[in-house]
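# Breakdown of the fold
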Amino acid sequence: AAVVHWFKRDLRIRDNTGLSRAAQLAREKGVGVIGVWILSPRDWEAHLVSPAKCDFEIRTVGVLGRELAELDVPLFVECVGERGDVERRLVEVCEEWGVKNVFCNLEYEPDELRRETQLVKLCAEKGINFEPQHDDCVVPPGSLRTGGGRQYAVYTPWYRSWVAHLHAHPHLLDERPLPGRNPPGFRDRFKHLFDMPVPPAPASKGLSTEEKERFARLWPAGEGAALDRLQLFLTEKIGRYQATRNFPSANSTACVSVHHAAGTLAARTSVRMARDVNSTKKLDGGIEGIRGWISEVAWRDFYRHVLVHWPYVCMNKPFKFEYTNIEWEYSDAHFRAWTEGKTGYPIVDAAMRCLNHTAYMHNRLRMVTASFLAKHLLLDWRCGEQYFISHLIDGDFASNNGGWGFASSTGVDPQPYFRVFNPWLQSEKFDADGEFIRKWVPELQGVEGMAIHNPYEHGGKAAEVARRNGYPKPIVEHKFARERCLMRYKAGIGRD
Ligand code: FAD
């Protein structure tokens with residue numbers, strides 16, 4: 001009677017492998033497509049999804065439903081109580097509609113893979129073909145191997161192999177065909193499935209009206225918004241990306257991670273469109289900014305490949321086992337100061353306040369704040385990882401875990417543990433005129449020149465302004481913190 005596409009982290013119509021295959025099969029059978037989105041708030045709770053991201057998904061599903069309806073494709077929307085109810089309801093509604101084929105795009109985290117495996121079984125019992133597709137990565141996990149047949153654990157050789165694989169298999173970057181309109185009469189038959197209301201976020205993920213308006217303004221939902229943002233970046237910014245990408249005030253990155261995370265934009269679409277504006281039409285070579293940007297999008301694939309090969313990274317374990325024994329400090333006061341942006345390190349504080357206000361943080365600052373938590377405060381990096389995922393609008397397990405592993409030196413292909421970022425120097429280098437700090441730390445707006453980076457050390461008027469406005473002194477001294485970090489990391493790794 002129909003073919004179902006189950007939407008999850010792929011909330012778009014264009015360039016969607018599962019939806020495209022569902023539509024193709026439906027056409028062959030002379031039937032229509034039904035989209036399904038089932039929300040389990042418990043899933044959001046279990047995965048610490050931020051309220052901003054929940055709100056973004058809800059807004060996106062609203063847009064998706066309207067855009068599908070223009071193709072006479074209904075979007076069935078439902079909210080279930082328990083996490084396990086999602087699979088059960090999906091099979092139930094398929095039976096109700098007489099559906100024999102269900103498509104979706106694979107998610108690679110262990111919980112999701114377990115759910116998909118369960119679905120294969122549940123569907124088989126009911127005579128339904130369940131057909132999950134590779135779509136989330138540009139190169140499907142498992143495709144790349146070192147010369148010795150292993151999974152890469154170092155980015156650079158992995159990236160070379162990723163590029164070579166795509167040049168050898170260019171169809172992986174091809175745009176998936178659009179689904180097309182459902183056959184005449186389909187809309188009448190399934191009219192009860194059109195215009196279904198999208199449930200509000202559960203109370204645990206609620207936002208105030210002001211927050212909702214703020215996030216809607218900062219992060220417009222839907223794939224149209226994603227493509228607009230990408231197009232703007234490709235026409236106006238990508239050429240200078242490599243030179244400007246590390247400067248938070250430059251506003252020079254694409255700001256599409258929120259769309260990659262919700263699936264309103266496929267990473268494949270991003271890479272293909274960037275390749276197509278490159279002078280060489282290649283992934284490497286050609287314009288430096290384009291090459292550089294594509295290699296950043298590739299990091300997203302890299303961390304997913306790592307997760308598929310070493311799923312224990314999803315279980316609160318460091319990629320490098322020898323880092324399990326580091327003796328962390330457990331200071332609630334320091335953790336709170338970090339989360340609130342009150343550490344006395346202006347660049348760290350500006351970054352954390354920006355995260356709390358916008359649900360986003362620039363990549364350079366993610367590295368600086370993560371390193372500061374794990375190395376300067378010597379707090380367990382997993383506390384920071386959880387704080388990020390529960391506040392970011394682009395929260396994505398693989399990228400977040402990979403980023404934290406990199407910055408805390410416990411992850412795959414990390415920064416060596418003895419490289420401890422100096423937050424003062426990072427600040428001077430990447431926010432040289434203090435524009436970013438002044439924007440987010442109003443207590444320091446009256447501080448002039450280089451003193452903005454460390455007003456108390458500078459003394460004089462700068463220290464006076466900071467003190468008068470209640471800006472905290474550094475909660476930890478840089479040199480002491482660095483030495484303590486080196487000692488503890490060394491001792492931790494050395495222990496049995
Ligand atoms: P651009 O610079 O324009 O890059 C384009 C795209 O490439 C991004 O949208 C993103 O999809 C991908 N990308 C870029 N850098 C990375 C990277 N280092 N790792 C993986 N993918 C990358 N990214 C997330 O999407 N979700 C997260 O939860 C997340 N947590 C992070 C935590 C830490 C500690 C660190 C150091 C990095 C984290 N990142 C995360 C990666 C990166 O900071 C963001 O993807 C980037 O800042 C998004 O902004 P943009 O879209 O303007 O990026």
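On a predicted model such as this, the values are computed, not experimentally measured, just so you know.

Before going further, it helps to spend a moment on helix H19 (residues 423-430). When H19 is considered as a whole, its buried residues turn out to be Pro423, Gln426 and Ser427. Seen end-on, H19 carries its buried residues on one side only, within an arc spanning 100°. Here the buried face of H19 lies against helix H15 (346-358) and helix H16 (363-376).

Before going further, it helps to spend a moment on the sheet that holds strand S5 (residues 129-133). The sheet built from five strands is open, its strands ordered S3-S2-S1-S4-S5 with parallel pairing. Single-partner strands in this sheet number two, and they are strand S3 (75-79) and S5. Averaged over all neighbouring strand pairs, the angle between strand axes comes to 25°, with direction disregarded. Inspection of the sheet shows strand S4 (residues 101-105) paired to S5 by five bridges, in the parallel sense.

Right, let's talk about the domain arrangement of the chain for a bit. Per the domain assignment, the segments of the chain are domain 1 (1-135), domain 2 (137-173 + 215-309) and domain 3 (321-494). On a C-alpha basis, the centroid separation for the pair domain 1 and domain 3 is 39 Å. In this complex, domain 1 contributes seven residues to the contact, which on the side of domain 3 involves nine residues. In terms of residue class, the side of domain 1 that touches domain 3 is made up of four nonpolar, one polar and two charged.

So, about the nonpolar core. By size, the foremost hydrophobic cluster in this structure holds 50 residues, and its most contacted members are Val4, Val36 and Val102. Among the elements that line this core, the one with the most residues is strand S2 (residues 32-39), at six residues. With 42 residues, the next largest nonpolar core counts Ile347, Phe406, Tyr417 and Val447 among its residues.

When the UniProt feature table is mapped onto this chain, "domain: Photolyase/cryptochrome alpha/beta" (unreviewed entry) is found at residues 1-138. Here residues 1-138 is 49% helix and 20% strand, with 32 Å between the C-alpha atoms at its ends.

The topology assignment puts Arg89 in helix H4 (residues 85-97). The spacing of Arg89 and Ile38 is 51 residues in sequence and 8.2 Å in space, taken between C-alpha atoms. With near-sequence residues (within four places) excluded, Arg89 lies in contact with Ile38, Glu78 and Val80.

This part takes up the site of the ligand. In the vicinity of the ligand there are 29 residues, among which Thr253, Ala254, Ser257, Asn400 and Gly403 approach most closely. For the shell around the ligand, the secondary structure elements donating two or more residues are helix H11 (257-262), helix H13 (288-309), H16 and helix H18 (397-407). Looking at the shell around the ligand, the element that brings in the most residues is H18, giving six residues. Residues belonging to the shell around the ligand are distributed by class as follows: 13 nonpolar, 10 polar and six charged.

Attention now goes to unusual backbone geometry. Phi is positive for Asn251, which is not a glycine, with a value near 50°. With respect to the secondary-structure elements, Asn251 resides in the loop between helix H10 (241-244) and H11. Asn251 sits in the exposed class, given 10 other C-beta atoms within 10 Å. Positive phi outside glycine occurs at Ala359, with the angle close to 65°. Secondary-structure assignment places Ala359 in the loop between H15 and H16. The class for Ala359 is buried, based on 25 C-beta atoms found within 10 Å.

Rules used in this analysis
Residues numbered from 1 in each chain as written. Predicted model: local features only at pLDDT ≥ 70, side-chain atom pairs only at ≥ 80, totals over all residues. Buried ≥ 20, exposed ≤ 12 C-beta atoms within 10 Å, placed from the backbone. Helix = DSSP H or I, 4+ residues; strand = E, 2+ residues; numbered from the N terminus. Arc of directions from axis to C-beta. Contact = placed C-beta atoms within 7 Å. Pairing = 2+ DSSP bridges. Axes fitted to C-alpha atoms, helices over the stretch in contact; angles between N-to-C directions. Domains from an automatic or database assignment. Nonpolar A, V, L, I, M, F, W, Y, C, P; charged D, E, K, R; others polar. Core = buried A, V, L, I, M, F, W, Y, C linked by C-beta atoms within 7 Å. UniProt positions renumbered as here; feature names shortened; annotations may be inferred. Near = placed C-beta within 6 Å.

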